[in-house]
Amino acid sequence: MKTEIARWAPLRRDWLKASVLGAGALWLSGVAFAATPIPAGPLVSTEWLAQNLDNAKVRVIEVSVNPGIYERSHIPGAVNFSWHQDLNDKVRRDIVGQEQFEKLLSTAGVAPDTTVVLYGDTNNWFAAWGAWVFDIYGVKNVKLLDGGRKKWETENLPQNNRAPDVAATRYKVTQVNTALRARLSDTLAAAEGKSNVKLLDIRSADEFSGKIFAPPGSQELTIRAGHIPGAANVAWGQAVKEDGTFKSAEDLKKLYANAGVDGSKPIITYCRIGERSSHTWFALSKILGYDVKNYDGSWTEYGNAVGVPINNPAGTVWASK
């Protein structure tokens with residue numbers, strides 16, 4: 001890896017300059033970056049993707065949550081999927097429906113043999129949500145850009161603000177895996193000891209204890225604070241290194257095992273609205289191979305539900321004040 005980075009680094013300045021000038025291509029001074037084999041596993045590195053932006057079998061899709069960030073600049077050739085508008089139902093609180101999902105992938109030029117690389121802002125939370133939705137709808141060959149948008153920008157890799165011109169396909173979903181999604185009833189059964197499932201709350205320690213209702217800067221959306229009884233707490237950020245890339249599989253195993261999550265039981269991950277827990281779902285299911293469901297209702301559903309038990313060490317059951 002060090003050799004690869006050393007070979008690559010001197011060209012970054014020129015490549016960025018080409019992008020800023022609007023070249024948006026992988027040719028610099030007559031030199032082409034040859035596509036390399038698609039790596040095994042659920043992740044691709046920024047180095048690999050930068051060398052494969054012109055690979056016709058790869059479709060890069062940005063899934064960000066902050067308005068205008070894609071329009072300002074994005075990885076060349078990347079298609080934009082809005083988390084709010086595209087990957088969620090616009091009326092019901094639900095993931096995007098199958099028919100609309102098929103239209104999305106068709107418009108994005110995704111075919112059954114396409115390798116999809118997802119990335120986004122906010123630590124790849126919403127890109128991981130995208131990976132979870134893609135998995136529910138049985139899309140093959142889906143990978144996450146390790147480190148996401150932040151790492152790409154930090155390394156001064158090429159960006160532009162042009163929407164790509166891609167040839168549409170007629171993508172059809174062939175299977176739907178609802179087993180990847182936990183519902184309130186599944187979570188309640190685990191809380192009441194009626195199922196052999198381990199709950200994993202990936203919010204901050206202050207959210208878990210009930211000291212705060214929501215992360216700083218986020219709107220409070222629940223009547224009660226605290227956590228689901230029996231849940232372990234491993235904040236999502238403990239799974240990544242300083243640059244936002246995932247820790248090694250060995251380190252991840254140790255991290256979760258120390259909290260009593262070792263893959264010996266099925267797991268349900270949850271957070272506040274399901275996006276951060278998608279990130280942990282990805283680590284546990286895709287990197288470690290554990291049996292995991294993501295509870296996208298998360299605390300905004302459970303914390304407002306009538307007749308369900310909670311734990312609230314901080315005592316802020318009804319109000320934050």
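Keep in mind it's a predicted model, so treat the numbers as computed, not measured. Counting restarts for each chain, with residues numbered from 1 along the sequence as it is written. Residue-level local features of this predicted model are given only where pLDDT is at least 70; pairs of side-chain atoms are given and counted only at 80 or more, and the full residue set underlies all totals for whole chains, interfaces and linings. Side-chain numbers here rest on the full set of heavy atoms in the structure, without hydrogens or water.

(A) Region of the structure containing the pattern of salt bridges. Any carboxyl oxygen of Asp or Glu within 4 Å of a side-chain nitrogen of Lys or Arg constitutes a salt bridge here. For the structure shown, the criterion picks out 14 salt bridges. Across the pair Glu155 and Lys151 runs a salt bridge whose closest N-O atoms are separated by 2.5 Å. Grouping residues by exposure puts Glu155 and Lys151 together as buried. The network of salt bridges with shared partners includes Glu62, Arg72, Arg149 and Glu153. Burial classification: accessible surface area is computed with a 1.4 Å probe over protein chains only, and a residue below 20% of its type maximum counts as buried, one above 50% as exposed, and the rest as partly exposed.

(B) Examining the side chain of Thr245 more closely. Here Thr245 shows up in the loop between strand S9 (232–233) and helix H10 (249–257). Whenever a nitrogen or oxygen atom comes within 3.5 Å of another N or O atom, the pair is scored as a polar contact, on the condition that within protein one atom can donate a hydrogen and the other can accept it, and that pairs from neighbouring residues in sequence are kept only if both atoms are in side chains. At 2.6 Å, the side chain of Thr245 and the side chain of Asp243 are in polar contact. Contacts between residues were defined by any pair of non-hydrogen atoms, one from each residue, lying within 4.5 Å. Once residues lying within four places of it in the same chain are set aside, the contact partners of Thr245 are Asp146, Gly147, Lys151, Ala239 and Val240. In this description a helix means any DSSP run of H or I spanning at least four residues, a strand means any run of E spanning at least two, and both kinds are numbered starting from the N terminus.

(C) Just the sheet that holds strand S7 (residues 142–145), in detail. Overall, parallel pairing links the 5 strands, which are arranged S3-S7-S6-S4-S5 in an open sheet. Each end of this open sheet is capped by a strand with a single partner; those strands are strand S3 (43–44) and strand S5 (79–82). A pair of strands is treated as paired once DSSP finds two or more bridges between them. When strand S4 (residues 58–64) meets strand S6 (residues 115–119), the two strands line up parallel, connected through 5 bridges. Within S6, the residue paired with Val58 across the bridge is Thr115.

(D) Highlighting the packing of aromatic side chains. Pairing of aromatic side chains here covers Phe, Tyr and the six-membered ring of Trp, requires ring centres within 6.5 Å, and sorts the geometry by plane angle: under 30 degrees stacked, over 60 edge-to-face, intermediate tilted. Under the defined criterion, the tally for this structure stands at 10 aromatic pairs. Each ring, one from Phe246 and one from Phe282, has its centre 5.8 Å from the other, and the planes form 20°; the classification is stacked. Of this pair, Phe246 sits in the loop between S9 and H10 while Phe282 sits in helix H11 (residues 275–287); the two residues are 36 residues apart in sequence, bridging distant segments of the chain. The same class applies to Phe246 and to Phe282, which are both buried. Ring-pair connections join several aromatic residues into one group, and the members of that group are Phe81, Phe101, Phe134 and Tyr137. The ring of Trp125 carries Arg276 above its face, with NZ or CZ at 6.0 Å from the centroid. Two limits define a charge over a ring: the Lys NZ or Arg CZ must be within 6 Å of the ring centre, and within 35 degrees of the ring normal.

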